[in-house]
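Fold and contact review
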Amino acid sequence: MSTSPALPLAFDETRKSGGALSGILSSDMPRSKVLTFILLAILVVLAATPFLFSGSQPLSTAAKICVFIVLVASYDLLLGYTGIVSFAHTMFFGIGGYGIAIALERLGPTWTSVAIGLAAALVLSAVLAVAIGLLSLRVRAIFFSMITLAVASAMAVLASQLSGITGGEDGLSFQLPNELRPAFRLLSEPILGVAINGRLIAFYMLFFVALLMFLLLLRIVNSPFGRVLQAIRENEFRAEALGYRVVAYRTTASVISALIATVAGALMALWLRYNGPDTTLSFSIMIDILLMVVIGGMGTMYGSVIGASLFVLAQSYLQVLMEAGSKALAGVPVLPNLIHPDRWLLWLGALFVISVYAFPGGIVGRLRQAEQ
Amino acid sequence: MRRVKREHRIDPKSGLALLGPMRKPTVTSSATTTPALETRGLTIRFGGHVAVNNVSCQFSPGTLTAIVGPNGAGKTTYFNLISGQLCATSGQVLVEGEDITFLPPSARAKRGLGRAFQLTNLFPELTALENVRLAVQSRAEAGWSLLKVWNSRRDLIAKAEEILERVRLSDKRHIAPKALSHGDQRKLEVALLIAMEPKVFMFDEPTAGMSVDEVPTVLELIHNIKQRSDATVLLVEHKMDVVRSLADRIIVLHNGTLVADGDPAEVIASPVVQEAYLGVEVANG
């Protein structure tokens, strides 16, 4: 069978949509043995983190990976699938975080507060996404990007100025509902030496919500709607001429993306029991998201899993690794300084440049190509 | 001579225009069918340049109208005004009597205006089959389904394959347009148009740049479209032999103005067309 090098087997209709796995993955299989293995490994390790590692650092890293997979996947819906460059994604992430933080701080640590905070955040995100979309998705792409940048900056300033509500630069710390607190015990006896406490419940809640969100996004990008988004990315002019109302499709895509980012922000806040400008709202997170999408592979949902996992791991452990390396090389001239932990951003940058240069389609694109 | 003929054609039309709001009873009583497509005084200015100047014309179902004229005559601009890529400075576009002048291209497509483009205009990285399937999906109004998997609609895929078969691209259905030959891209362009099942088919130089042996396939497709259905076909074409073999009617645009309209043999023989095609510019003082 002849296939285009650009889209290997992306549209093999002979692949009958059957089977439970194919249904869960919306017919969008990893299409590479290595990729399948890596994805399974990430899934298993994330799911089993509480039982595989001790201490709070690995669990927090795993939780952060879950949140960022959702956040990056929702951004990829915009960037990779629809071809929209938005800089307002952290704004929606932040709205989710502040929704939870403000509700739990003001209304007390109950599940009702969680529901109210999340609902309010979702509504605000949807309204903002529709407004930005309708006002600016008609104009040229660059103006849209600029407008999102302006709105996101305004939001960040607002969050730090309204310190009475948002806690300003300090952010908000709050109590979680009883069932999610470390002191809460679901079972009196530990399993496999791990106490089944509120922290563990919080982790698995986060894990399953993240998994659900990811599968939902995977379904959306492989739906007839998702196919239209890709057509718009390829040639919006022609998509419109075929009868697809491009503005409506784009606006819907940005609303879905915003809502899912809001959920991710809520999860992040619930996990950290804190929300502030630096954890959800800052522009540097926006840049991180961009890097994760590009490293993983734009326009492939699986890319977000790989990109987020790699990036968060590097963020958490590259410094540790470099410190060990630096110490091991003590005595050798120049080298210890070069891999001094303070230079970790330099190396991350170098890794990024190399990966973009070597794998323009991201890691997923490269792996799928290798399978051919 | 031509001028007189044109004036003659426009008069009854402006009469119809006045009766626009109650077109249906009027049309039945006058025993003519509603034009599938009509432009009334369609004009567009770019600064001081009038690219399309007050073009009024009706196109009836079952008729293939060729639009000819020298380069820069405003043929493609006229098409863009009809299908909505450009907005008219003044005048109206009507599909089956409904004013669509201010609708976006997607809404016009939904009302039955199908357009194939002069410069190939496809989804370059999606497969040929997906290109056609997207057109079929639009026709089936299936684009707003978010929670189904695309390939659960086997009927759309089957239909897209059938259309690819018609344009003889079945064996290349997994190839993306950017890897297809120019001729195959043109055929795919026609396939997208067929997939939209429009009431009005608009072809903008469908055979431009094609190799000689590929041209008959496309011409046959266009001929079949006309034969099979009660479609209204508009064809912008430079090759006079193509026009002669396919067209039921020819209209001539020159400097954005409609200068001749009528039976193919008659129009081709007319001085206006001879002037325009032999390059004996008189109007462009």
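It should be emphasised that the depicted structure is a prediction, and the values quoted were computed from it without experimental measurement. (Residues numbered from 1 in each chain as written. Chains lettered and ligands numbered in written order. Predicted model: local features only at pLDDT ≥ 70, side-chain atom pairs only at ≥ 80, totals over all residues.)

Attention shifts here to the overall build of chain A. Summing up its helical and strand segments, chain A has 16 helices and 2 strands in all. Once the C-alpha set of chain A is aligned to its principal axes, its extents read approximately 60 × 55 × 45 Å. Out of the 372 residues in chain A, the part that is buried amounts to 46%. Residue pairs at least 24 apart in sequence account for 71% of intrachain contacts in chain A once pairs closer than 6 positions are excluded. (Helix = DSSP H or I, 4+ residues; strand = E, 2+ residues; numbered from the N terminus. Buried ≥ 20, exposed ≤ 12 C-beta atoms within 10 Å, placed from the backbone. Contact = placed C-beta atoms within 7 Å.)

This paragraph deals with the overall build of chain B. In terms of regular secondary structure, chain B is built from 11 helices and 10 strands. Of the contacts made within chain B by residues no fewer than 6 positions apart, 67% connect residues no fewer than 24 positions apart.

On to the interface of chain A and chain B. Interfaces are often sized by the accessible area lost when the parts come together. Between chain A and chain B, the contact holds 32 residues from the first and 40 residues from the second. Element by element, the count of residues in the side of chain A that touches chain B is highest for helix 9 (residues 224-241) of chain A, at 12 residues. Broken down by class, the residue content of the side of chain A that touches chain B amounts to 14 nonpolar, 11 polar and 7 charged. (Nonpolar A, V, L, I, M, F, W, Y, C, P; charged D, E, K, R; others polar.)

This next bit is on helix 15 (residues 344-358) of chain A. Residues that lie three or four places apart on an α-helix share one face, since the helix turns once every 3.6 residues. Relative to the 21 Å expected for 15 residues at 1.5 Å per residue, helix 15 of chain A spans 21 Å between its end C-alpha atoms, a close match to the ideal helical length. Helix 15 of chain A sits mainly on the outside: 0 of its 15 residues count as buried. (Expected span 1.5 Å × (residues − 1).)

Turning to the confidence of the model for chain A, a few remarks are in order. In the predicted model, chain A carries a mean pLDDT of 89, and the fraction of residues at 70 or more is 95%. pLDDT under 50 marks residues 1-11 of chain A. Its contacts with residues more than four places away, or in other chains, come to 25 contacts. (pLDDT = per-residue confidence, 0-100.)

All names here are of chain B. The strand order across the open sheet built from 6 strands is 6-7-8-3-9-10, with neighbouring strands paired in mixed fashion. Two strands close off the open sheet at either side, each with one partner strand: strand 6 (113-116) and strand 10 (257-262). The average undirected angle you get between the axes of adjacent strands in this sheet is 20 degrees. In this sheet, strand 7 (residues 200-204) lies alongside strand 6 in parallel orientation, the contact comprising 4 bridges. Bridged to Leu 113 within strand 7 is Val 200. Strand contacts of helix 3 (residues 75-83): strand 3 (64-68), strand 6, strand 7, strand 8 (232-236) and strand 9 (249-254), with the helix running at about 150 degrees to strand 7, the strand carrying the most contacts. Strands strand 3, strand 7 and strand 8 of the sheet are contacted by helix 8 (residues 215-228), whose axis makes an angle of about 155 degrees with strand 8. (Pairing = 2+ DSSP bridges. Axes fitted to C-alpha atoms, helices over the stretch in contact; angles between N-to-C directions.)

Turning next to the sheet that holds strand 1 (residues 37-46) of chain B. Residues and elements named next belong to chain B. As summarised here, the arrangement of the 4 strands in space is 2-1-4-5, forming an open sheet in which the pairing is antiparallel. The sheet is open, and its two borders are formed by strand 2 (49-59) and strand 5 (98-99), each paired with just one other strand. Where strand 1 meets strand 2, 7 bridges bridge the pair, whose relative direction is antiparallel. Paired with Glu 38 across the bridge in strand 2 is Gln 58.

Before going further, it helps to examine the nonpolar core. Note that soluble globular proteins tend to have their nonpolar side chains buried in a common cluster. The biggest cluster of nonpolar side chains holds 182 residues, and the ones touching the most others in it are Cys 66, Ile 69 and Val 70 of chain A together with Val 132 and Ala 191 of chain B. The biggest single contributor to this core is helix 10 (residues 246-272) of chain A, with 17 residues. (Core = buried A, V, L, I, M, F, W, Y, C linked by C-beta atoms within 7 Å.)

What follows deals with helix 9 of chain A. Residue and element names in this part refer to chain A. Relative to the 26 Å expected for 18 residues at 1.5 Å per residue, helix 9 spans just 17 Å between its end C-alpha atoms, considerably shorter than the ideal helical length. Taken as a whole, helix 9 carries its principal kink of about 125 degrees at Asn 235. Of all 18 residues making up helix 9, 16 are buried, and the element is well covered by its neighbours. One or two residues past the end of helix 9 sits Gly 243, with phi positive at roughly 110 degrees. (Bend = angle between axes of the 7 residues up to and from the residue.)

What follows concerns the packing of helix 2 (residues 33-52) of chain A against helix 13 (residues 301-328) of chain A. Residue and element names in this part refer to chain A. Helix 13 packs onto helix 2 with a crossing angle of 60 degrees between their chain directions and a minimal axis gap of 11 Å. Considering the angle they form, helix 2 stands oblique to helix 13. Of the two elements, helix 2 crosses helix 13, and the hand of that crossing is left-handed. Taking contact as the criterion, the partners of Leu 35, Ile 38, Leu 39 and Ile 42 in helix 2 are, on helix 13, Tyr 302, Val 305, Ile 306 and Ser 309. Along the lines of polarity and charge, the residues of the contact of helix 2 with helix 13 split into 7 nonpolar, 1 polar and no charged. (Parallel < 35°, antiparallel > 145°, perpendicular 65-115°, else oblique. Left-handed = near helix turned anticlockwise from the far one by under 90°.)

On to the environment of Leu 212 of chain A, then. Residue and element names in this part refer to chain A. Examined against the element boundaries, Leu 212 turns out to sit in helix 8 (residues 198-221). Accessibility expressed as a C-beta count within 10 Å gives 12 for Leu 212, which makes it exposed. Separated by 142 residues in the primary sequence, Leu 212 and Val 70 place their C-alpha atoms 9.3 Å from one another.

All names here are of chain A. Put simply, helix 12 (residues 283-296) and helix 13 touch, their axes get as near as 7 Å, and they point 120 degrees apart. The orientation of helix 12 relative to helix 13 falls into the category oblique. Crossing handedness for the pair helix 12 and helix 13: right-handed. Where helix 12 abuts helix 13, its residues Asp 288, Leu 291, Met 292, Val 293, Ile 295 and Gly 296 lie against Gly 303, Ser 304, Ile 306, Gly 307, Ala 308, Leu 310 and Phe 311. Looking at the contact of helix 12 with helix 13 residue by residue, the class counts come to 8 nonpolar, 4 polar and 1 charged.

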